[in-house]
Amino acid sequence: VNVIDVYRKQWYQRRVRGKKGDKKGARNCFERALGQQKNKVSLRNLSIVMRHKVGLTKEEIEETVRISKEAVSLDISDGTSWYILGNAYLAQFFLCGQASNVLKCSLNAYTKASDDQKVLSDPDYYYNKAIVSKYLDDYRSALTYFSEALSVDPRFAECKKELESLNDQISKTHSLVVNKGKLKAKKVAALMKSLKEKFYSQNSSKVVMVPFSELENGPNKEKVFNCVLVSSVVPMGQTPFVCICLDAHDTCFAVNIYNIDTFKAPKLGDILTIPFPHRSIVDIVVAGEAYCFGLIRVDSPFQIMVNNRQLSNDVLAPLKLTTTAMT
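Since this is a predicted model, take the numbers as computed values, not measurements.

Some details on the side chain of Q169
Piece 1. For Q169, the location among the structural elements is in helix α10 (residues 157–178).
Piece 2. For Q169, a relative accessible area of 4% gives the class buried.
Piece 3. A distance of 3.2 Å separates a polar atom in the side chain of Q169 from a polar atom in the side chain of Y139.
Piece 4. Contact partners of Q169, with chain neighbours within four places excluded, come to Y139, P235, P240 and V242.

Spelled out as structure tokens, the structure:
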């Protein structure tokens, strides 16, 4: 039996079944082809079909990553296999805890896919890279990739929507940071007084209590700081929850909290204690407008304390899969 002919027949059956919505039948076709001989195309398409299942478990999404890795291992020069692996990692990020290290794996796979001209002609490739960059708080790259996706497909409606949303998020965040939440001076003074009292009460010999200005870009081990929330921004997709905060030295900046229910998120006047903060600086120009503000990333609400209390499990909120990572 010619294995390639068997695969082609299975592929045709899969396409027919896919049009009918028969994902189970499509999966069976690929598994039968792999039973004849392992090949990268069957493996990566099996990964795609598996990700279309409703109600995927953590184990199932991890299996799609494993299968995608196996496809790559059969031909590490195949850009399409790297692209599918990047999509598998991106789906894992959304469905299995939103860990930033998974996003970095996704971005690495996309980068290795860039040698394939076929991949570079796909607008979804740039769109998904933009989504990864956005959730890594790398807004400069995200805006670039959204624009590249639109240059390939100017009618890409979801991409236009995401681009407009990110521009709006950056603009609102910058405005609120520059204007200290747009609060009146009397209100800001009252919040600062409360914060300074809390600032000293949180001092500990185990970590160094520092202001925002003394944080380094990137992770800050053995450091902790307090800040008071003066405003917030909820972008499209409800994540991250963007807190506009002031520290005890009157420095205003943003804190992006991922995986949190916006209805149970910190509110005006709450004091956040953030150990080992990850700091960055957003400094970009969008449509001729310059935006610059400090940013702290919080991967999970369990990494912080609010008013000296650990948050409960019910504050968690899973991200919505707003990408084409299912393909």
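Description of α10
Piece 1. Look at α10: 32 Å from first C-alpha to last across 22 residues, which is about the 32 Å you get at 1.5 Å a residue.
Piece 2. For α10, the set of buried residues is C159, E162, L163, S165, L166, Q169, I170, T173, H174, L176 and V177.
Piece 3. Immediately beyond the C-terminal end of α10, within one or two residues, lies K180, with a positive phi of roughly 50 degrees.

As for the packing of helix α5 (residues 79–95) against helix α8 (residues 123–135)
Piece 1. Orientation of α5 relative to α8, taken along the N-to-C sense of each, is 40 degrees, at an axis distance of 11 Å. Here α5 is positioned oblique relative to α8, judged by the angle of their axes. Crossing hand, α5 versus α8: left-handed. Residues Y83, N87, L90, F93 and F94 of α5 pack against D124, Y125, N128, I131, V132 and Y135 of α8.

Some details on the environment of I284
Piece 1. Its location among the elements puts I284 in strand β7 (residues 278–286).
Piece 2. By relative accessible area, I284 is classed as buried at 6%.
Piece 3. C-alpha separation for the pair I284 and L143, spaced 141 residues apart in sequence, amounts to 9.9 Å.
Piece 4. Residues within four places of I284 in sequence aside, it is in contact with Y139, R140, L143, I170, E289, A290 and Y291.

Examining the packing of aromatic side chains
Two descriptors summarise a pair of aromatic rings, namely the distance from one centre to the other and the angle between the planes of the rings.
Piece 1. Evaluated as defined, the whole model comprises 12 aromatic pairs.
Piece 2. Arranged with centres 5.2 Å apart and planes meeting at 70 degrees, the rings of Y125 and Y126 form a pair that is edge-to-face. No difference in accessibility class separates Y125 from Y126, as the two residues are buried.
Piece 3. Taken together, a centroid distance of 6.2 Å and an interplanar angle of 70 degrees make the contact between Y135 and Y258 edge-to-face.

What about the pattern of salt bridges?
Piece 1. Counted by the stated rule, this structure contains 13 salt bridges.
Piece 2. The partner of K40 in a salt bridge is D75, with the nearest N and O atoms 2.8 Å apart. Of the two residues, K40 sits in helix α3 (residues 40–51) while D75 sits in the loop between α4 (58–74) and α5, which places them 35 residues apart along the sequence.
Piece 3. On the accessibility criterion, K40 (23% relative accessible area) is partly exposed.
Piece 4. Its relative accessible area of 23% is what places D75 among the partly exposed residues.
Piece 5. Put simply, E162 and K134 hold a salt bridge, and the shortest N to O gap is 2.9 Å. Of this pair, E162 sits in helix α10 while K134 sits in helix α8, and the two are 28 residues apart along the sequence.
Piece 6. A relative accessible area of 2% means that E162 is categorised as buried.
Piece 7. By relative accessible area, which is 3% here, K134 ends up buried.

Scoring rules and cut-offs
Residues numbered from 1 in each chain as written. Predicted model: local features only at pLDDT ≥ 70, side-chain atom pairs only at ≥ 80, totals over all residues. Heavy atoms only, no water. Helix = DSSP H or I, 4+ residues; strand = E, 2+ residues; numbered from the N terminus. Buried < 20%, exposed > 50% of the residue type's maximum accessible area, 1.4 Å probe, protein only. Polar contact = N/O pair within 3.5 Å; in protein donor to acceptor, adjacent residues only side chain to side chain. Contact = heavy atoms within 4.5 Å. Expected span 1.5 Å × (residues − 1). Axes fitted to C-alpha atoms, helices over the stretch in contact; angles between N-to-C directions. Parallel < 35°, antiparallel > 145°, perpendicular 65-115°, else oblique. Left-handed = near helix turned anticlockwise from the far one by under 90°. Phe/Tyr/Trp six-rings, centres within 6.5 Å; stacked < 30°, edge-to-face > 60°. Salt bridge = Lys/Arg side-chain N within 4 Å of Asp/Glu carboxyl O.

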